[in-house]
Every structure is written in structure tokens, then in C-alpha cells.
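# Structural overview
The primary structure of each chain is shown beneath.
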Amino acid sequence: KAWGNEENTPVLALHGISDNAGTFDRLLPLLPSSFYYICIDLPSHGRSSPYPPHLFINALDNVLTLKLVLDYLNRKKYILMGHSWGGQTSILFTQLYPEYVIKIIVFDSFYLFPVELLHFKDFLTNKFSKLIRVNENIATNKRPQYTYEEAIAKLVEGRRSGELTREAAESLSKRCLIPTENGKYIFSTDPRLKAFINPLFNLKFVVGLVKKYPITCPVLFVYASDTEAQYYYFKSVIREYKRNKQCIVKKVVGSHDVHNNSPELVAPIVNKFLTKGKSKL
């Protein structure tokens, strides 16, 4: 659909950490064609430029990036759709700038993971140590090279939670593999993402944030059965979300990347949510 057609509500999709816009390649063909879908590579991901060197990559950087992108696109309202870190970014953005957002769709996340006071020191010192090591490797050009099959295997098996199918990994590989002169590949993904950092607040503070700045637009959370532990961890936060009568929480069978591994399970839920009340948008 033409971008200039106001009938086509824009859906802006944000991928998870170390992924790229290809994470939605298998899902989008199953979604309604009456919407206009925009998928971006966040800085330091996929084919986008990296964040400035040496420093931490912070979740708040993504919120600022999203604000700049939405302002550049210059549409009044958007539907936000995000997986994992992209979903967390969408939630926090909506709390800060609710006037931009019509609806939110979040895949397998509920909020930026907090840091409890007990673990604060270890958390930060470990992050600093990891970032220093990563920056040293970047300075000496120690970027590992892989054959195509090795790179796909790394994508398949290198998830924090569960594995990708080969088809799901290939959808990501198109935007994150850079060919070298010797026929191998390096990953474009910024190595500093191994030491990413979220805002430093604990779970009690998160609950307070959701109370103070509630999400009042329709919101859909789709979470995976294999990562159900996070549902119980964020139970007090989800309770606050559900004060909004337009909040829907659905569980599907699968792992963290179920939207990419099994888009046919996720699409019917998203389609129903997207089209509900569309005539009023």
C-alpha cells in the first residue's frame, strides 16, 4: 500500500537484541495487508550504523532512536510491534510518549529486566569487565569468521532461550552476515551488545512506574510456553497492565522466538488484535 495513503495505519516493528528486521520476515506475509509495515534495524544491528564507539549500548538509546524514527516518518499515530528488547522498548516508549501510539504488540517480554539491589555491584562490575574485553577485541580486529553453514549454526544454537529453526535463522542472516574476501562471513552485529545495559531499577520500582505511567491503549502480550518463568517473575507488573481492560495476554507453545520459528501460531492472534476496532483508528 502507498505510504501516502492515510487509510494504511503504520505498524512499526522492532526486533530483539542482536537480531534485525529479518526477524519479522516470516510473520509479515501472514498479517493483514490493510496495514503499512515498517521494520527497522536498530543502530548496531543488521545493516544499520553502529552506536558511537567504546560506550555501553543502553536500552534508553533504543527509546531515543524510536522517537527520532517516528518523528522522521512524520505520521501522527503508530501501532508498535516488538520482540523481546524491541517489545520492552515499545512499552517504555509508550509510557513516555503515549500520544504517538494506537496499539502495542509485544512478543515474549513484559518489561526491561530490572536489577535487584542485592546484585547491583556484581551486575555493574561484570558489565564493565565484559565491555572492556569486547572493546579490546574490537581494537585488535578480532572478529571471528565463519563459513555460511557455521554462521547459520551459530544463529540457530546461540540464543539465550531456546533455538531458532534453520528457516528463522536464514531470515536473520540476510541482514547480519558480511562476506569476506576469503569466502567466509563476519557478523555485522555490534559485539558490545554482549555487554548491553538496561536502566538500573528494581522490580518494585518497575511496578511503581507502571502504576504512575499506565498504558491505556490496547496492548497485546504474546509469550512463549518455554519462557513462562518470566511471566511469573513479572506477575506483579502484569497485574498492573491488566487494570487496562484493553490489555490481552496470550500464551503460545514455543520458545522465545516463536514469532519467527512458528509464525503460523502467532499470526491469528495478532490479526484479530490488529483488526479489532480498525474502523475507529
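Remember, predicted model here, so these are calculated numbers, not experimental data. (Residues numbered from 1 in each chain as written. Predicted model: local features only at pLDDT ≥ 70, side-chain atom pairs only at ≥ 80, totals over all residues. Heavy atoms only, no water.)

## A short note on the packing of aromatic side chains
The test is simple: Stacked, edge-to-face and tilted labels apply to pairs of Phe, Tyr and Trp rings (six-membered ring for Trp) whose centres lie within 6.5 Å, assigned for plane angles under 30 degrees, over 60, and everything in between, in that order. What counts as a helix is a DSSP run of H or I of at least four residues, what counts as a strand is a run of E of at least two, and both are numbered from the N terminus. Think of it in three bands: with a 1.4 Å probe and only protein chains considered, a residue is buried below 20% of the maximum accessible area for its type, exposed above 50%, and partly exposed in between. Here, a charge over a ring is recorded when the distance from Lys NZ or Arg CZ to the ring centre is within 6 Å and its angle to the ring normal is within 35 degrees.
Under the defined criterion, the tally for this structure stands at 20 aromatic pairs. When the centroid spacing of 6.0 Å and the interplanar angle of 65 degrees are considered together, the rings of phenylalanine 110 and tyrosine 231 count as edge-to-face. Of this pair, phenylalanine 110 sits in the loop between strand 4 (101-107) and helix 3 (120-139) while tyrosine 231 sits in helix 7 (residues 228-233), placing them 121 residues apart in sequence. With centroids separated by 5.0 Å and ring planes inclined at 85 degrees, the aromatic side chains of tyrosine 233 and phenylalanine 234 adopt a geometry described as edge-to-face. For phenylalanine 234, a relative accessible area of 0% puts it in the buried group. Here the aromatic residues Phe110, Phe113, Phe221, Tyr223, Tyr231, Tyr232, Tyr233, Phe234 and Tyr241 are joined through ring pairs into a cluster of three or more. Residue placement shows lysine 103 over the ring face of phenylalanine 273; its charged tip is 5.0 Å from the ring centre. Above the face of the phenylalanine 196 ring, lysine 127 is positioned so that its terminal group lies 4.3 Å from the ring centre.

## Here we look at the environment of aspartate 257
We apply this condition: Any two residues whose heavy atoms approach within 4.5 Å at even a single point are treated as in contact.
Of note, aspartate 257 is situated in the loop between strand 8 (247-252) and helix 9 (258-261). Leaving out residues up to four positions away in the same chain, aspartate 257 has contacts with Asp19, His83, Arg159, Ser161 and Leu164.

## Re the pattern of salt bridges
As a reminder, the rule being used: Salt bridge criterion: a side-chain nitrogen from Lys or Arg within 4 Å of a carboxyl oxygen from Asp or Glu.
One pass over the full model with this rule turns up nine salt bridges. A salt bridge links aspartate 19 to arginine 159, with the shortest nitrogen-to-oxygen separation between them at 2.9 Å. Here the residue aspartate 19 occupies a position in the loop between strand 1 (10-14) and strand 2 (36-40), and arginine 159 occupies one in the loop between helix 4 (148-157) and helix 5 (166-176), the gap between them amounting to 140 residues. Considered together, aspartate 19 and arginine 159 belong to a single accessibility category, that of buried residues. Residue aspartate 257 is joined to arginine 159 by a salt bridge in which the shortest nitrogen-to-oxygen separation is 2.8 Å. Of this pair, aspartate 257 sits in the loop between strand 8 and helix 9 while arginine 159 sits in the loop between helix 4 and helix 5, placing them 98 residues apart in sequence. This pair shows no difference in class: aspartate 257 is buried, exactly as arginine 159 is. Because the salt bridges share partners, they merge into one network encompassing Asp19, Arg159 and Asp257.

## Details of helix 4
Owing to its 3.6 residues per turn, the α-helix brings residues three or four apart onto one side. To be explicit about the condition: In this description, one arc is meant: the one made by directions from the helix axis to the C-beta atoms.
Considered for burial, the residues of helix 4 that qualify are Ala151, Ile152, Leu155 and Val156. Projected down its long axis, helix 4 shows its buried positions confined to an angular sector of 140 degrees, all on one face. Packing partners of the buried residues in helix 4 comprise helix 5, strand 5 (177-179) and strand 6 (185-187).

## Considerations on the environment of leucine 70
When you line up the elements, leucine 70 lands in helix 1 (residues 59-73). Sequence separation of leucine 70 and leucine 12 is 58 residues, and the distance between their C-alpha atoms is 8.7 Å.

## Describing the pairing of strand 7 (residues 219-224)
Selection rule: A pair of strands counts as paired when DSSP detects no fewer than two bridges linking them.
Most of strand 7 is tucked away, with six of its six residues classed as buried. Neither face of strand 7 is exposed, since Val219, Phe221 and Tyr223 on one face and Leu220, Val222 and Ala224 on the opposite face are all buried. Across six bridges, strand 7 lies against strand 8 in parallel orientation. What sits directly across from alanine 224, in strand 8, is valine 252.

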